[in-house]
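Next come the chains, spelled out residue by residue.
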Amino acid sequence: MRIADLGRSVDLAAAGREMHQLIEELYPLCRSITGAGLRATLDRIAQDVPLGRHEVPTGTRVLDWTVPREWSIRDAWVKNARGERVIDFLRSNLHVVQYSVPVHRRMSLAELRPHLHTLPERPGWIPYRTSYYEERWGFCLEHARLAELPEGEYEVCIDSTLTEGSLSYGECVLRGETADEVLLSCHVCHPSLCNDNLSGIALCTQLARHLGPCARRYTYRFLFAPGTIGALAWLSRNEAGLTAIRHGLVVACVGDPGTPHYKRSRRGADVDRAVELVLRHTGGPYEVRPFSPYGYDERQYCSPGFDLPVGSLTRTPHGEFPEYHTSADDPSLVTAEALGASLGLYLEVLAVLEEDRRYRGTNPKGEPQLGRRGLYGALGGLPHRRQAEMAMLWVLNLADGRHSLLDVAERAGLDFRTVHEAATLLREHGLLEAA
Ligand code: ZN
């Protein structure tokens, strides 16, 4: 099976349900940019796809950054005077500011208050906060709960350690007919957050599973790395191989039911055109945005010293759904339907990348006589006969060795599948040859 055939053979509804199940399974783990939760997440991914594991020691220089100490957390709580846990890490791992240094002492609510983070405008939600590069400690909680806490003395404990260790990331490499690569990258560093983090993990895992048994023109590299520092570590260790990357996508926020959004690469690349072509022909709403040096790890891949052809295909972008970076980004925010639809989009995009080629017509002087070759008849069974006929004429006309099938689809205003099928038919009848 070729990758281009997956769009029709994969049961997107079933795949969506599987992705949602994986999200629910990974949801309770306390991931961070280092540590046990991150490793347990990679362990789970490795059950589904062949995963190369990498550990980058604390203190390693990665470009302008340094791999931080490894953070481990066992428990954390704030107890009231009666010894009851009024804030409890075991209820939600979002309750602790990530990378909190250890603390264990009694203090008044007034003393504790500067260490408490809430969302007054969303009183029922717990915010997600981190302090990777500054030694602090803190708790996050529902604003409504904070309002209920009486004055008095509290016992505060964060049972964490920051030690020499390493940063972990995983890579699933599926070799293709060529060494040219497609990079698919997702971040794996958020704790119990679904659309921002787990949806990308689930989609990449599912995609790698489906691509595994396929014939592949490209080599596919799936990178499961902590945001920013993980991508920087990977880039700094793989600089020599980056020239092999022909196309890339950062996968994130693919599980909410919102409109698909595409953020272009910095330099402008075929992957931008491929995604935009696919989105244009879905028939539904979508939005395309220019590159900006903010967001996920596209900001590292598209930094000027690398300038890789990497865009980002999401649904609602980060920061633009109210649940973003709060406890409301839970398994109910992401749906099997949206996950399945996102997978469908990615499969269509990969089909374009895989099958986009240049051809030369074997009979370029005048139109070849299609009827004599039974080519009009061959279109009979196709649902969009008129489109298929136009696709053949366009492919023949632009088969001059300079135009690719993506060029043809854009110029003809046709979807890629129709153009590709026309090219396949013409090739089978000896009217096209690889340029
Ligand atoms: Zn995030």
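Residues numbered from 1 in each chain as written. Predicted model: local features only at pLDDT ≥ 70, side-chain atom pairs only at ≥ 80, totals over all residues. Heavy atoms only, no water.

Peer 1: I keep staring at the overall build of the protein and nothing clicks. Help me out?
Peer 2: Secondary structure summary: the protein contains 14 helices and 19 strands in total. On the principal axes, the C-alpha backbone points of the protein span a range of 90 × 40 × 35 Å. Within the span of the protein, comprising 435 residues, buried residues form 57% of the whole. Of the contacts formed within the protein by residues at least 6 apart in sequence, a portion of 81% connects residues at least 24 apart. For the protein, the accessible area works out to roughly 17900 Å², and carbon and sulfur atoms hold 48% of it. (Helix = DSSP H or I, 4+ residues; strand = E, 2+ residues; numbered from the N terminus. Buried < 20%, exposed > 50% of the residue type's maximum accessible area, 1.4 Å probe, protein only. Contact = heavy atoms within 4.5 Å. Areas by Shrake-Rupley, 256 points an atom, 1.4 Å probe, with all protein chains shown as cover.)

Peer 1: I keep staring at the packing of helix H13 (residues 405–412) against helix H14 (residues 416–428) and nothing clicks. Help me out?
Peer 2: Packing of H13 against H14 leaves a shortest axis separation of 9 Å and a crossing angle of 125°. Put simply, H13 runs oblique to H14. Crossing of H13 against H14: the hand is right-handed. Within the contact between the two elements, H13 uses Leu405, Leu406, Val408 and Ala409 and H14 uses Phe416, Val419, His420 and Ala423. The residue inventory of the contact of H13 with H14, partitioned by class, reads 7 nonpolar, 1 polar and no charged. (Axes fitted to C-alpha atoms, helices over the stretch in contact; angles between N-to-C directions. Parallel < 35°, antiparallel > 145°, perpendicular 65-115°, else oblique. Left-handed = near helix turned anticlockwise from the far one by under 90°. Nonpolar A, V, L, I, M, F, W, Y, C, P; charged D, E, K, R; others polar.)

Peer 1: In this structure, what is going on with the pattern of salt bridges? I would like to understand it.
Peer 2: When the charged atoms of two side chains with opposite charge come close together, those side chains can pair. In the structure shown here, the tally under the stated rule is 35 salt bridges. We note a salt bridge from Glu355 to Arg2, for which the minimum N-O separation is 2.9 Å. Within this pair, whereas Glu355 is found in helix H10 (residues 336–355), its partner Arg2 is found in the segment before helix H1 (3–9), the two being separated by 353 residues in sequence. According to the relative accessible area criterion, Glu355 is buried, its value standing at 7%. (Salt bridge = Lys/Arg side-chain N within 4 Å of Asp/Glu carboxyl O.)

Peer 1: What should I look at first to understand the layout of surface pockets in this one?
Peer 2: Think of a ball as big as a water molecule: rolled over the atoms, this probe shows where empty space is left. Taken as a whole, the largest pocket encloses approximately 670 Å³ of empty space. In terms of lining residues, the largest pocket is bounded by 28 residues, among which Asp415, Phe416, Arg417, Thr418 and Glu421 are the most central. At the level of elements, H1, helix H8 (270–280), H10 and H14 are the ones that each hand at least two residues to the lining of the largest pocket. Tallying contributions element by element places H14 first for the lining of the largest pocket, with 7 residues. Residue classes in the lining of the largest pocket are distributed as 12 nonpolar, 6 polar and 10 charged. Domain assignment of the residues forming the lining of the largest pocket places at least three in each of domain 1 (3–67 + 166–354) and domain 3 (358–434). There is about 530 Å³ of room inside the second largest pocket. Along the wall of the second largest pocket there are 23 residues; nearest its centre are His190, Thr228, Gly295, Arg299 and His325. (1 Å grid on protein atoms, 1.4 Å probe; cavity = no way out; pocket = protein on both sides within 12 Å on 5 of 7 lines; lining within 4 Å. Points joined across faces, edges and corners; volume = space filled by probe spheres on them. Domains from an automatic or database assignment.)

Peer 1: Looking at this model, I keep getting lost on the coordination of the zinc ion. Mind explaining?
Peer 2: Coordination of the zinc ion by the protein comes from His190 (NE2), Asp196 (OD) and His325 (NE2), over a distance range of 2.0 Å. Within one chain, the residues donating to the zinc ion are spaced in sequence as H-x5-D-x128-H. In this pair, Asp196 sits in helix H6 (residues 194–211) while His325 sits in the loop between strand E16 (310–314) and H10, placing the two residues 129 residues apart along the sequence. What makes Asp196 buried here is its relative accessible area of 0%. By relative accessible area, which is 22% here, His325 ends up partly exposed. (Donors = N, O, S within 2.8 Å, 3.2 Å for Na, K, Ca; no water.)

Peer 1: Looking at this structure, how should I read helix H3 (residues 36–48)?
Peer 2: Structurally, the α-helix is built with 3.6 residues per turn, so residues lying three or four positions apart point the same way. If you check H3, its first and last C-alpha atoms are 19 Å apart, about what 13 residues at 1.5 Å a residue would give, namely 18 Å. Along H3, the residues that are buried comprise Gly37, Leu38, Thr41, Leu42, Arg44 and Ile45. Mapping the buried residues of H3 onto a view down its axis gives an arc of 160°, with all of them on the same face. Opposite its buried face, H3 presents the exposed residues Ala36 and Gln47, each directed more than 90 degrees away. Where the residues of H3 are buried, they touch helix H2 (12–26), strand E1 (52–57), strand E10 (166–174), H6 and strand E12 (219–225). (Expected span 1.5 Å × (residues − 1). Arc of directions from axis to C-beta.)

Peer 1: Is there a simple way to think about the environment of Thr259 in this case?
Peer 2: With respect to the helices, strands and loops of the structure, Thr259 is situated in the loop between strand E13 (245–251) and strand E14 (261–263). Residue classification places Thr259 among the partly exposed positions, given a relative accessible area of 30%. For the pair Thr259 and Thr314, spaced 55 residues apart in the sequence, the C-alpha separation amounts to 8.6 Å. When neighbours within four sequence positions are excluded, Thr259 is seen to be in contact with Pro285, Tyr286, Glu287, Arg315 and Thr316.

Peer 1: Even after reading the chapter, I still don't get the nonpolar core, so can you show me in this structure?
Peer 2: The nonpolar side chains of a soluble globular protein tend to be buried, and buried together. Ranked by size, the top nonpolar core spans 78 residues in total, and within it Leu207, Tyr220, Phe222 and Phe224 carry the most contacts. Residues from two domains meet in this core; each of domain 1 (3–67 + 166–354) and domain 3 (358–434) gives at least three. The residues contacting Leu207, other than those within four sequence positions of it, are Leu184, Phe222, Leu343, Tyr346, Leu347 and Leu350. Counting residues in each nonpolar core, the second largest holds 61 residues, with Ile87, Val101, Met107 and Ile126 among its members. (Core = buried A, V, L, I, M, F, W, Y, C linked by side-chain atoms within 4.5 Å.)

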